Amino acid sequence: MDSRSALRLVAYVISALLTSVLVNLLRQKLPRRNSSPPIVFHWVPFIGNTVAYGKDPFKFYQKCREKYGDVFTFVLLGKRMTVCLGPAGNEFVLGGRAQDVNAEEIYGPLTTPVFGSDVVYDCPNAKLMEQKKFVKIGLTQRAFEAYVPLIEKQVLDYLNANFRGVKGRINVSTAMSEITLFTAARTLQGAEVRAKLTASFAELYHDLDMGFQPINFLMPWAPLPQNRRRDAAHLKMRAVYMDLINDRRRAKDGGKTTRVDDGEPDMISHLMSCVYKSGQIVPDKEIANMMITLLMGGQHSSSSASAWIVHRLASQPSIAEDLYKEQLKTLGHSMSPLCLADLDRLPLLSNVIKETLRVHSSIHTIMRKATRAIPVPNTPYIVTPNSILIASPIMSHMSATHFPSPQTWDPYRWTHDYLNAPDSNEDVVDYGYGATSKGTNSPYLPFGAGRHRCIGEKFAYLNLATITLTLVRNLRLKTLDGMATVPDTDYTSLFSRPVPSAQIRWERRGSP
């Protein structure tokens, strides 16, 4: 191609781009139907509002709400996303009927390569509800009582191995990611899986976790290096669980056991005894995939939140000291091993967790797909079939309408009664995995709501409480510069978290 042809081609491309931009602008200026939500202004077609949304979804939603109200549509890589904010928006999107809204088509392509086939979003909703019920039944009071000392020991072992000396620095996100992986493995998975959690297994987990990239919403099949590692990691991790299951079956046939500790709750054995309503015994492959899902769910629900708790306590050491004094006053100076009953006696500890989950929700965007035309309550708008709907509970969390001075992290706000029981007036429903509060009308939804509400909510609270309690028992925490600041939020992954490079100072209690 000579230089003249090349210049002509460049001119054609530029002309086409400018024409598409002009047409896009004209379309936005045309009168819209009264039943259509307002469209957020954007210059470039297809790209739309992707850059502004990707940089900071929370600020993007705030600006759009100020200009367009609680219901609006924006363009994300060619897809129209209709956002419904506030408790009413949460009720509409998260509390939608199964025949109206669908989560499987949204999240299935992303989660199936990670969790595996025939579980979670790769199966009919009725089957998913049965799987959630199986797991929920396994999370018994007896299991929770056993989990607390196990979590405490994992944290103490980690401190002894990684917090050497009497003071130092630590990368918070790295440390809490590792601690929560160990606690989730030891409790939800059992001693056998925790024993296998060597460096190689942890690397497999990391490769699998990297499958949760925003690009995989659009192209989960893309032959990217991280996707190849994701697929290889899933097969290897599934094989680990299949070997454990096969060992159990062989041992049962021989009248023996291969378990490391027969006295502990055992999720694998529980799932092996479960039967679907159809009469089908849960296949071993599905058990393995559910165990992978359980490990990742248990870790993800605590990793980001625990990192934010540590950063917040380091930024306000006085609250960390109040937590420590609460322990001494309530549990005594002996610092005996923790038990489940101890956690219920420490209201400030509970409030620290509640407030952190309010200010630092790990998921800023929850999506559903409309399966038919649906009117948006109390608006003139009608959502068209195949529209992608978005709820963002953090927008209610950070609203002055519901929480005075919402930007301020203040655990003591929860000593008031205005939201201590956010589900108290909610309808109790059974989506197929046991009675639960619908929860969608509450302005405080740290674990979602509706049929896809997280069933690991109680475990997450227990895990966060025990980890926080153990850290405060043993360490004093401070920011590097001594200022009352926390790091920025990293929105590059699907889960909002502190920027990965952020560090704090620590000092062992009792050190000179």
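Residues numbered from 1 in each chain as written. Predicted model: local features only at pLDDT ≥ 70, side-chain atom pairs only at ≥ 80, totals over all residues. Heavy atoms only, no water.

*Asks:* Would you mind going over the sheet that holds strand 3 (residues 101-102) with me for this structure?
*Replies:* Whether parallel or antiparallel, the strands of a sheet pair through hydrogen bonds between backbone atoms. The sheet built from five strands is open, its strands ordered 1-2-8-5-3 with mixed pairing. Two strands bound the open sheet, and with one partner strand each, they are strand 1 (71-76) and strand 3. Sheet topology places strand 2 (residues 79-84) next to strand 8 (residues 388-391); three bridges connect them, and they run parallel. Its bridge partner being in strand 8, V83 is matched across the sheet by I390. On top of the sheet, helix 3 (residues 57-68) reaches strand 1, strand 2 and strand 8; it is set at about 130° to strand 1, its chief contact. Sheet contacts for helix 4 (residues 86-94): strand 2, strand 3, strand 5 (366-370) and strand 8; angle to strand 8, the most-contacted strand, approximately 135°. (Pairing = 2+ DSSP bridges. Helix = DSSP H or I, 4+ residues; strand = E, 2+ residues; numbered from the N terminus. Contact = heavy atoms within 4.5 Å. Axes fitted to C-alpha atoms, helices over the stretch in contact; angles between N-to-C directions.)

*Asks:* Even after reading the chapter, I still don't get the packing of aromatic side chains, so can you show me in this structure?
*Replies:* Centre-to-centre distance and the angle between the planes together describe a pair of aromatic rings. Summed over all chains, the structure comprises 20 aromatic pairs. Ring centres 6.4 Å apart and planes at 40° place the aromatic pair Y68 and F72 in the tilted group. By relative accessible area, F72 is classed as buried at 0%. Connected via pairs of aromatic rings, a cluster forms that spans Y53, F60, Y61 and F74. (Phe/Tyr/Trp six-rings, centres within 6.5 Å; stacked < 30°, edge-to-face > 60°. Buried < 20%, exposed > 50% of the residue type's maximum accessible area, 1.4 Å probe, protein only.)

*Asks:* For this particular structure, what's the right way to read the nonpolar core?
*Replies:* One finds Y61, F74, Y147, Y241, L271, L295 and L313 to be the most contacted residues of the largest nonpolar core, which totals 138 residues. Discounting residues that sit within four places of it in the chain, L313 has contacts with I319, A320, L323, W409, T468, V472 and L477. (Core = buried A, V, L, I, M, F, W, Y, C linked by side-chain atoms within 4.5 Å.)

*Asks:* How do you make sense of the pairing of strand 8 when you look at a structure like this?
*Replies:* Each regular strand displays side chains that alternate between the two surfaces of the sheet. Of the two faces of strand 8, the one carrying I388 and I390 and the one carrying L389 and A391 are both buried. Bridge analysis of strand 5 against strand 8 gives four bridges, and the strand direction is antiparallel. When the sheet's bridge partners are listed, K369 is paired in strand 8 with I388.

*Asks:* It is not clear to me how the sheet that holds strand 11 (residues 475-479) should be interpreted in this structure. Could you clarify?
*Replies:* Spatially, the three strands line up as an open sheet ordered 4-14-11, and their pairing is antiparallel. If you trace the sheet from one side to the other, it starts and ends with strand 4 (167-171) and strand 11, each paired once. Neighbour-to-neighbour, the strand axes of this sheet turn through a mean angle of 30°, independent of strand direction. Across the face of the sheet, helix 8 (residues 172-189) comes into contact with strand 4 and strand 14 (503-508) while running at roughly 80° to strand 4.

*Asks:* Hey, could you run me through a positive patch on the surface in this one?
*Replies:* Together, K167, R169, R476, K478 and R505 make up a region of like positive charge exposed at the surface. The set of elements that each furnish at least two residues to the positive patch consists of strand 4 and strand 11. Among the structural elements, R476 can be located in strand 11. Accessibility expressed as a relative area gives 31% for R476, which makes it partly exposed. (Patch = residues over 30% accessible without salt bridge, like charges linked within 9 Å, V, L, I, M, F, W, Y side chains within 5 Å. Areas by Shrake-Rupley, 256 points an atom, 1.4 Å probe, with all protein chains shown as cover. Salt bridge = Lys/Arg side-chain N within 4 Å of Asp/Glu carboxyl O. Lys, Arg positive; Asp, Glu negative; His and termini not counted. Charge placed at Lys NZ, Arg CZ, Asp CG, Glu CD.)

*Asks:* Explain the pattern of salt bridges to me, please; I cannot follow it from the model alone.
*Replies:* Here the idea is simple: oppositely charged side chains can pair when their charged atoms come close. Counted under the stated rule, the structure contains 19 salt bridges. Residues K127 and E286 are paired through a salt bridge, measuring 3.0 Å at the closest nitrogen-oxygen approach. Of this pair, K127 sits in helix 6 (residues 125-138) while E286 sits in helix 13 (residues 284-315), and the two are 159 residues apart along the sequence. No difference in accessibility class separates K127 from E286, as the two residues are buried. Between R358 and E355 there is a salt bridge, with the nearest N and O atoms lying 2.9 Å from each other. Residue R358 and its partner E355 are both found in helix 16 (residues 347-359); the two are separated by three residues, about one turn of the helix. For R358, a relative accessible area of 0% corresponds to the buried category. Among the charged side chains, a salt-bridge network with shared partners connects R97, D100 and R372.

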